[in-house]
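Understanding the architecture of this molecule
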Amino acid sequence: MSGRGVGNLPFIDGTMDKWGYLNVLKENLGQSAEKLGLQGSYYFQHDNDPKHTADIIKLWILYNIPKQLHTPPQSPDLNPIEHIWDLLEHRIQHHITSNEMLKEVLQLEWTKISREETRKLVQSMSKRLSEVLRRKEYPTSY
């Protein structure tokens, strides 16, 4: 996601590991950046999950992503995607009966996330950073 909207929403079958994450990046990051008109002009952010910090991932990012926003471990206050997941959870009012139905509903709701919604989340980053510093590592309102 970016201030210009949401990119691809890949679905993972099974357990995600560093190799699965690498494939998600390879297959979706460039496409999403192009779709949103961000080629080379975005900051990439992910958390410190072990699959995100694996050496193979660090190397791929080093050679393929020009700018990265580094965040401290366990800092959901600084990741606006957490709010997108919450938004999706609240929008899904369907009685889900299968994995296929879940994928269809998620994809439908994903496409309904507006540029305005993502822009507001991205623009809130400076306030988030200030609050995290002010709260000295205690929970914030984000």
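Above: the structure in question.
A brief look at the structure comes next. (Residues numbered from 1 in each chain as written. Predicted model: local features only at pLDDT ≥ 70, side-chain atom pairs only at ≥ 80, totals over all residues. Heavy atoms only, no water.)

Looking at the packing of helix α5 (residues 115-123) against helix α6 (residues 125-135)
At their nearest, the axes of α5 and α6 sit 5 Å apart, and the two run at 35° to each other. Along the contact surface, α5 presents L121, V122 and Q123, while α6 presents M125, S126 and R128. For the contact of α5 with α6, the residue count by class is three nonpolar, two polar and one charged. (Axes fitted to C-alpha atoms, helices over the stretch in contact; angles between N-to-C directions. Helix = DSSP H or I, 4+ residues; strand = E, 2+ residues; numbered from the N terminus. Contact = heavy atoms within 4.5 Å. Nonpolar A, V, L, I, M, F, W, Y, C, P; charged D, E, K, R; others polar.)

Brief notes about the side chain of E109
When you line up the elements, E109 lands in helix α4 (residues 99-111). Residue class for E109 comes out buried when judged on its relative accessible area of 6%. Discounting residues that sit within four places of it in the chain, E109 has contacts with L88, R91, I92 and H94. (Buried < 20%, exposed > 50% of the residue type's maximum accessible area, 1.4 Å probe, protein only.)

Section: a nonpolar patch on the surface
Judged by side-chain polarity, L59, L62 and Y63 come together as a nonpolar surface patch covering roughly 390 Å² of accessible area. Assignment of secondary structure puts L62 in helix α2 (residues 55-64). Overall, the relative accessible area of 58% leaves L62 in the exposed class. (Patch = residues over 30% accessible without salt bridge, like charges linked within 9 Å, V, L, I, M, F, W, Y side chains within 5 Å. Areas by Shrake-Rupley, 256 points an atom, 1.4 Å probe, with all protein chains shown as cover. Salt bridge = Lys/Arg side-chain N within 4 Å of Asp/Glu carboxyl O.)

Re the nonpolar core
Counting 14 residues, the largest nonpolar core has L25, L29, Y42, F44, I57, W60 and I65 as the members making the most contacts within it. Of the residues forming this core, the biggest block, five residues, is contributed by helix α1 (residues 18-35). Residues within four places of F44 in sequence aside, it is in contact with Y21, L25, L29, I61, I65, K67, Q68 and L69. Counting residues in each nonpolar core, the second largest holds eleven residues, with L88, V105, W110 and I113 among its members. (Core = buried A, V, L, I, M, F, W, Y, C linked by side-chain atoms within 4.5 Å.)

Examining the layout of surface pockets
Approximately 1,300 Å³ is the volume attributed to the largest pocket. Along its surface, the largest pocket is lined by 36 residues, and M1, F44, Q45, I81 and W85 are the ones closest to its centre. At the level of secondary structure, the elements contributing two or more residues to the lining of the largest pocket comprise α1 and α3 (81-91). No other element matches the seven residues that α1 contributes to the lining of the largest pocket. Residues that form the lining of the largest pocket fall into these classes: 22 nonpolar, eleven polar and three charged. (1 Å grid on protein atoms, 1.4 Å probe; cavity = no way out; pocket = protein on both sides within 12 Å on 5 of 7 lines; lining within 4 Å. Points joined across faces, edges and corners; volume = space filled by probe spheres on them.)

Some points on the pattern of salt bridges
The tally for this structure, following the rule as stated, stands at six salt bridges. Taking the shortest distance from any N to any O, the salt bridge between K112 and E109 comes out at 3.6 Å. A salt bridge links R119 to E116; the nearest nitrogen and oxygen atoms lie 2.4 Å apart. Of this pair, R119 and E116 both sit in helix α5, three residues apart, which is roughly one turn of that helix.

Comments concerning the side chain of S32
Within the element layout of this structure, S32 appears in helix α1. For S32, a relative accessible area of 12% gives the class buried.

Some details on α6
Residues of α6 that are buried: M125, R128 and E131. The arc enclosing the buried residues of α6, seen along the axis, measures out at 125°, which places them on a common side. Opposite its buried face, α6 presents the exposed residues K127, L133 and R134, each directed more than 90 degrees away. On the buried face of α6, the contacting elements are α3 and α5. (Arc of directions from axis to C-beta.)

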